[in-house]
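Listed below are the residues making up each chain.
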Amino acid sequence: MVADLFRNLFSFLNRGWLPYLIVLGHMGAGTLLVYNLPRSNLAFLTLMTSFLSLYFFRTNLRFKLISGIVLTLVAIPVLGVRNIFYLEVIFQVSVFAALALGLNIVVGFAGLLDLGYVAFYAVGAYLWAFFGSQQFYVLHYAPGTQPSDLPFLLPGDTFYLFLLLGVIVAAITGLILGLPVLRVRGDYLAIVTLGFGEVIRVLANNLDKPLNFTNGPQGITPIQRPTMPDFAVEWFNGLFGPLIGHPVSSANMYNLMFYLMALFVIVVIIFVTKRLDDSALGRAWTAVREDETAALAQGIPLVKVKLLAFAVGASFAGIMGVLLAASRTFISPESFSFMQSIGVLAMVILGGSGSIPGVILGAATITILNLQVLQGFSLYLNELRQSDAVIPIINFAWKDLSTQLDPAKYQRMLFGLILILMMIFRPAGLIPAKRRERDLSKYQSP
């Protein structure tokens, strides 16, 4: 009954010019709210959910493209520079969306459960961290004993070359992982990939002797960034300075530059993924996912198809690893733990395995929930603890509330609950893949 009511209401709102007005109104309201209330979580969520309006409401492709470009290339940069934390959150969303799209190739398209996916992310990050820092000249020093005036091995602008090298090296690593695991499937494949992920993390943790390749648990820093042209800062200040209200520094422009780079990488990944999904290789991945024996009987080369899935998925993680190392100027093994792999897998399951918009939505939901909503709620509780306020009726003082009840400490539990509920009520994800949606509706119809 309730579902029918919402379906009818949504159908009514999609008539004539109404969807265009709703999308523009949602985008405008989100932009104005964040501009006037730059610290409000509700305003930020209003802005971010305008992407959902843009996706779900029935408007023509040209309107969607123009609106999306205005939102991502004008509104978010201006609002993000006014509150740099928002830009950081959106950059994190972009990074995890790219990782989720890569894992979606392996898990969603080819049906190969990979629990060590973050290892490819680490490969890309350590690749640029080693060549883009002083680490080459630290090889014969124990961690923390090297002089501070060592030169950098390569200039910072070689970062652009390493974006390509990150793709290639991570893809080769994916092939190396794929070769020995082709004989296993299902749970056994998950265990092998989990082990591979841990091997990479342990290597990064211990390759500080006899030669100091990774600087061990201390991580590598400083890692170079590409040169920021002076004219870029001046041009941005000249164009958007009056709107922002203060001069934008070079450091802020780096945040903006890495956001735009991540956005560009995601657009390329989406284009490649869509082309692959519609290709013979994409159909072969689907056949392998549904039934390997039947796929083999149809003449599909299982070895080649699986290896390509590992290589393509790994390459997406590799390029984002290079981008992460340059944006942070610091990496350590703790950034590539097993829980990171589980987090990316949760994004794919939540959004919809095999669905491109679904995994992007899953990545955005989990990242914003983690970095913005739960953290913001915890900060709000801390402010209440420092006040003399009490909860009415029960007369409980906020300052007596235990810090163990901070919502940010329960993020893993919350994600677990979300996944359980998804499996019960919406097993195909928030935005199911079209093919998967058809398969499920076949079994759910009376």
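Residues numbered from 1 in each chain as written. Predicted model: local features only at pLDDT ≥ 70, side-chain atom pairs only at ≥ 80, totals over all residues. Heavy atoms only, no water.

Asks: For this particular structure, what's the right way to read the environment of Ser67?
Replies: You can see Ser67 is positioned in helix α4 (residues 61-82). When the C-alpha positions of Ser67 and Leu101 are compared, they lie 23 Å apart, and in sequence the two are 34 residues distant. With near-sequence residues (within four places) excluded, Ser67 lies in contact with Met27 and Leu54. A polar contact of 2.8 Å, which involves the side chain of Ser67, links it to the backbone oxygen of Phe63. (Helix = DSSP H or I, 4+ residues; strand = E, 2+ residues; numbered from the N terminus. Contact = heavy atoms within 4.5 Å. Polar contact = N/O pair within 3.5 Å; in protein donor to acceptor, adjacent residues only side chain to side chain.)

Asks: Help me understand the pattern of salt bridges, please; the structure alone is not making it clear to me.
Replies: Opposite charge on two side chains lets them pair, provided their charged atoms get close. Taken as a whole and assessed by the stated rule, the structure comprises six salt bridges. Note that Arg328 and Glu88 form a salt bridge whose closest N and O atoms lie 2.4 Å from each other. Separated by 240 residues along the polypeptide, Arg328 in helix α13 (residues 302-328) and Glu88 in helix α5 (residues 84-109) bring together distant segments of the chain. Under the relative-accessibility criterion, Arg328 is labelled partly exposed at 28%. Judged by its relative accessible area of 23%, Glu88 is partly exposed. The residue Glu198 makes a salt bridge to Arg201 at a minimum N-O spacing of 3.0 Å. Of this pair, Glu198 and Arg201 both sit in helix α8 (residues 187-206), three residues apart, roughly one helical turn. (Salt bridge = Lys/Arg side-chain N within 4 Å of Asp/Glu carboxyl O. Buried < 20%, exposed > 50% of the residue type's maximum accessible area, 1.4 Å probe, protein only.)

Asks: Would you mind showing me how to read the nonpolar core here?
Replies: Counting 121 residues, the largest nonpolar core has Trp285 and Met320 as its most contacted members. At 18 residues, α5 tops the list of elements feeding residues into this core. Aside from chain neighbours lying at most four places away, what touches Met320 is Ser94, Val95, Ala98, Leu99, Tyr121, Ala262 and Val265. (Core = buried A, V, L, I, M, F, W, Y, C linked by side-chain atoms within 4.5 Å.)

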